[in-house]
Amino acid sequence: MFLSDQPQQNFFGFRGSGARQSSSRRFFFSAALLLLSLALCLGGCRRQDPSAQISDIGFYFDTVVELRLNGTDDQSLIDECFDKMKEYEALLSRTREGSDVWRINHSAGEPVEVSDDTAALIALAQKYYELSDGAFDITVAPYLTIWDFPNNPGKVPAAASLAAARIHVGLPLLRLEGNTVTLDDPRASIDLGGIAKGYIADRLKEYLAGKGVTSGYINLGGNMLAIGTKPGGVPWNIGIRRPFGEASDTITTVKIDGLSVVTSGPYERYFEKDGTIYHHILNPTDGYPVQNGLSSVTILSRSSADGDALSTSCFVLGLERGMELIESLDGIEALFITDDEELHYSSGFPKE
Ligand code: ADP
Ligand code: MG
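Conventions and cut-offs
- Residues numbered from 1 in each chain as written.
- Chains lettered and ligands numbered in written order.
- Predicted model: local features only at pLDDT ≥ 70, side-chain atom pairs only at ≥ 80, totals over all residues.
- Heavy atoms only, no water.
- Pairing = 2+ DSSP bridges.
- Helix = DSSP H or I, 4+ residues; strand = E, 2+ residues; numbered from the N terminus.
- Donors = N, O, S within 2.8 Å, 3.2 Å for Na, K, Ca; no water.
- Buried < 20%, exposed > 50% of the residue type's maximum accessible area, 1.4 Å probe, protein only.
- Core = buried A, V, L, I, M, F, W, Y, C linked by side-chain atoms within 4.5 Å.
- Salt bridge = Lys/Arg side-chain N within 4 Å of Asp/Glu carboxyl O.
- 1 Å grid on protein atoms, 1.4 Å probe; cavity = no way out; pocket = protein on both sides within 12 Å on 5 of 7 lines; lining within 4 Å.
- Points joined across faces, edges and corners; volume = space filled by probe spheres on them.
- Nonpolar A, V, L, I, M, F, W, Y, C, P; charged D, E, K, R; others polar.
- Near = heavy atom within 4 Å.
- Polar contact = N/O pair within 3.5 Å; in protein donor to acceptor, adjacent residues only side chain to side chain.
- Areas by Shrake-Rupley, 256 points an atom, 1.4 Å probe, with all protein chains shown as cover.
- Contact = heavy atoms within 4.5 Å.
- pLDDT = per-residue confidence, 0-100.

## Some points on the sheet that holds strand E5 (residues 180–183)
For step 1, the next point in the chain: Taken together, the 3 strands give an open sheet; going across it, the order is E3-E5-E4, and neighbouring strands pair in antiparallel fashion. Because the sheet does not close on itself, it has two edges, and the strands there are strand E3 (112–113) and strand E4 (174–177).
For step 2, the next point in the chain: The pairing of E4 with E5 spans 4 bridges and is antiparallel. Counted as the bridge partner of Leu 174 is Leu 183 from E5.

## Structural notes on the coordination of the magnesium ion (ligand 2)
Tetrahedral coordination by four donors sets the ideal angle at the metal to 109.5 degrees; octahedral coordination by six donors sets it to 90 or 180 degrees.
For step 1, the next point in the chain: The coordination sphere of the magnesium ion (ligand 2) contains the protein donors Gly 194 (O), Asp 308 (O), Asp 308 (OD) and Thr 312 (OG1), at a distance range of 2.0 to 2.5 Å.
For step 2, the next point in the chain: Summarised as a motif, the one-chain spacing of the donors to the magnesium ion (ligand 2) is G-x113-D-x3-T. On the criterion of helical spacing, the pair formed by Asp 308 and Thr 312 is a turn pair, its members being 4 residues apart in helix H8 (residues 304–327).
For step 3, the next point in the chain: For Asp 308, a relative accessible area of 6% corresponds to the buried category.

## Examining the nonpolar core
For step 1, the next point in the chain: Met 85, Leu 208 and Ile 218 are the most contacted members of the largest nonpolar core, which has 67 residues in total.
For step 2, the next point in the chain: Of the residues forming this core, the biggest block, 10 residues, is contributed by H8.
For step 3, the next point in the chain: Judged by nonpolar contacts, the second largest core, of 15 residues, contains Ile 238, Val 261, Leu 300 and Phe 349.

## Observations regarding the pattern of salt bridges
It is possible for side chains bearing opposite charge to pair when their charged atoms get close.
For step 1, the next point in the chain: Using the criterion set out here, one finds 10 salt bridges in the structure.
For step 2, the next point in the chain: Between Asp 191 and Arg 94 there is a salt bridge, with the nearest N and O atoms lying 2.7 Å from each other. Here the residue Asp 191 occupies a position in the loop between E5 and helix H7 (196–210), and Arg 94 occupies one in the loop between helix H2 (75–92) and helix H3 (100–105), the gap between them amounting to 97 residues.
For step 3, the next point in the chain: In this structure Asp 191 comes out as buried when scored by relative accessible area, which is 17%.
For step 4, the next point in the chain: Put simply, Asp 184 and Arg 175 hold a salt bridge, and the shortest N to O gap is 2.8 Å.
For step 5, the next point in the chain: Of the residues examined, Arg 175 reaches a relative accessible area of 35% and is grouped as partly exposed.
For step 6, the next point in the chain: Among the charged side chains, a network of salt bridges with common partners joins Arg 175, Glu 177 and Asp 184.

## Focus on the layout of surface pockets
If a probe as big as a water molecule is rolled over the atoms, it shows which places are left empty.
For step 1, the next point in the chain: The calculated volume of the largest pocket comes to roughly 1,400 Å³.
For step 2, the next point in the chain: It is strand E2 (residues 63–70) that contributes the most residues to the lining of the largest pocket, 4 residues altogether.
For step 3, the next point in the chain: Looking at side-chain class alone, the lining of the largest pocket contains 22 nonpolar, 16 polar and 12 charged residues.

## Re the pairing of E2
For step 1, the next point in the chain: Taking burial as the measure, the 8 residues of E2 include 6 buried ones, the bulk of the element.
For step 2, the next point in the chain: Relative to E2, strand E1 (residues 53–60) runs antiparallel, the two being bridged by 8 bridges. Its bridge partner being in E2, Tyr 60 is matched across the sheet by Thr 63.
For step 3, the next point in the chain: Pairing analysis gives 6 bridges linking E2 to strand E6 (residues 215–220), with the strands arranged antiparallel.

## Details of the site of ligand 1
For step 1, the next point in the chain: Near ligand 1 there are 18 residues, and of these Asp 137, Asp 191, Ser 264, Leu 282 and Asp 308 occur at the shortest range.
For step 2, the next point in the chain: Between ligand 1 and Asp 137, the relevant distance is 2.9 Å, taken from a nitrogen atom to a main-chain nitrogen or oxygen of the residue.
For step 3, the next point in the chain: Compared with its free state, where it exposes 560 Å², ligand 1 has 94% of that area covered by protein.
For step 4, the next point in the chain: The greatest single-element share of the shell around ligand 1, amounting to 3 residues, is contributed by H8.
For step 5, the next point in the chain: Tallied by class, the residues present in the shell around ligand 1 amount to 8 nonpolar, 5 polar and 5 charged.

## Remarks on the side chain of Ser 296
For step 1, the next point in the chain: Mapped onto the elements, Ser 296 comes out in strand E13 (residues 294–301).
For step 2, the next point in the chain: Every residue in contact with Ser 296, bar those within four places of it in the chain, is listed here: Pro 243, Thr 263, Ser 264, Gly 265, Tyr 267, Phe 315, Leu 335, Phe 336 and Ile 337.

## A few points about the side chain of His 168
For step 1, the next point in the chain: Looking at the secondary structure, you find His 168 in the loop between helix H6 (159–165) and E4.
For step 2, the next point in the chain: His 168 has contacts with Thr 139, Pro 142, Leu 173, Asp 185, Arg 187 and Ala 188, leaving out every residue within four places of it along the chain.

## Section: the confidence of the model for the protein chain
For step 1, the next point in the chain: Of all residues in the protein chain, 86% have pLDDT values of 70 or greater, and the mean over the chain is 88.
For step 2, the next point in the chain: Per-residue pLDDT stays below 50 along residues 1–29; that stretch engages in 23 contacts with residues further than four places along the chain or on separate chains.
For step 3, the next point in the chain: Counting interchain partners and residues more than four positions distant, the pLDDT-below-50 stretch residues 33–46 has 8 contacts.

## Some remarks on the environment of Tyr 345
For step 1, the next point in the chain: Topologically, Tyr 345 is positioned in strand E15 (residues 343–345).
For step 2, the next point in the chain: What makes Tyr 345 partly exposed here is its relative accessible area of 23%.
For step 3, the next point in the chain: Those residues within four positions of Tyr 345 in sequence are excluded, and the remaining contacts are Thr 252, Met 323, Ala 334, Leu 335 and Lys 351.

## A look at the pairing of strand E8 (residues 236–241)
Remark: a regular strand shows side chains that alternate across the two faces of the sheet.
For step 1, the next point in the chain: Side chains Trp 236, Ile 238 and Ile 240 of E8 all project onto a buried face; the interleaved residues Asn 237, Gly 239 and Arg 241 project onto a face where none is buried.
For step 2, the next point in the chain: Two strands pair when backbone bridges link them, and E8 and strand E9 (residues 250–256) are joined in this way by 6 bridges, in the antiparallel orientation. Residue pairing for E9: Arg 241 is matched across the bridge by Thr 250.

Printed below as a string of structure tokens:
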């Protein structure tokens, strides 16, 4: 095509004018363009192949994670994402010795310097603590230690131990000044499990977008963040799981373009005893698993960190207060599923 006399768009965005050049100059330019196009192809053509697609599965944050990228076959993008997940895990895990969160929880009330990511996540957690009227509270960690999900084989803790933990719970016990975190109660501790996956998904999407990826998705254990649409502008069709159903059993689906879909539900980590389901989403006021007639909350949002924090928040708030919160926020929609499998949609939810 570079030998054509027709003016055409070249790689630098201006129109060449081969037809008006002398034949020797034309030959020189044609040869140069051919070489240039070959060089560009070696370096980039494979990556720009619109029909290419790559995907991979890993295990991070105690869950299965999946990446899918369309329009590229550059495996190093996926490798880099997995490396980033490993780094985030080493930074944000509550149980990993030396992580930022571990250092905060073992600081005995002394100030701790944390990374920009940890500080940003804690600031976001503070925002959702305020917005949810304390329902979303990362200082529920003392209760989580007592419950010990997912290792707990089915033992309900003594009421007295949860009651004793209560005075060490409450986000005002934590101070964040720049990158310095101080727990005013040395026995307080934090857990970022209700928000970290969403935050990490947002960072991975930013990285991939910066590398020119325009289609794909990041699935961190059901925490789904789409990059654009499928090839050809077809929206992603995301299945929302039937609570307590098989992983493949979807109760409904939602079509999205570049959005995040995050679901919180007790069926992720729970045990059943004497007809009661004990699960990992806890009421900050008493340390018991939330029992309010909800079996899942799904949030649709642009940012997955927002979706993650809100799905946990709304699960704790319940149908009425949760829906009120969602309706007060711009650009956020929700689906609440109650124990009787009724579907309750927010007013702008793109229903089937
Ligand atoms: P999942 O991690 O299964 O995707 P969620 O996003 O709903 O589900 O987060 C649940 C996790 O959030 C719990 O495992 C725990 O780490 C943490 N958590 C539990 N209760 C609360 C709460 N009231 N506020 C903030 N975080 C919580
Ligand atoms: Mg969450």
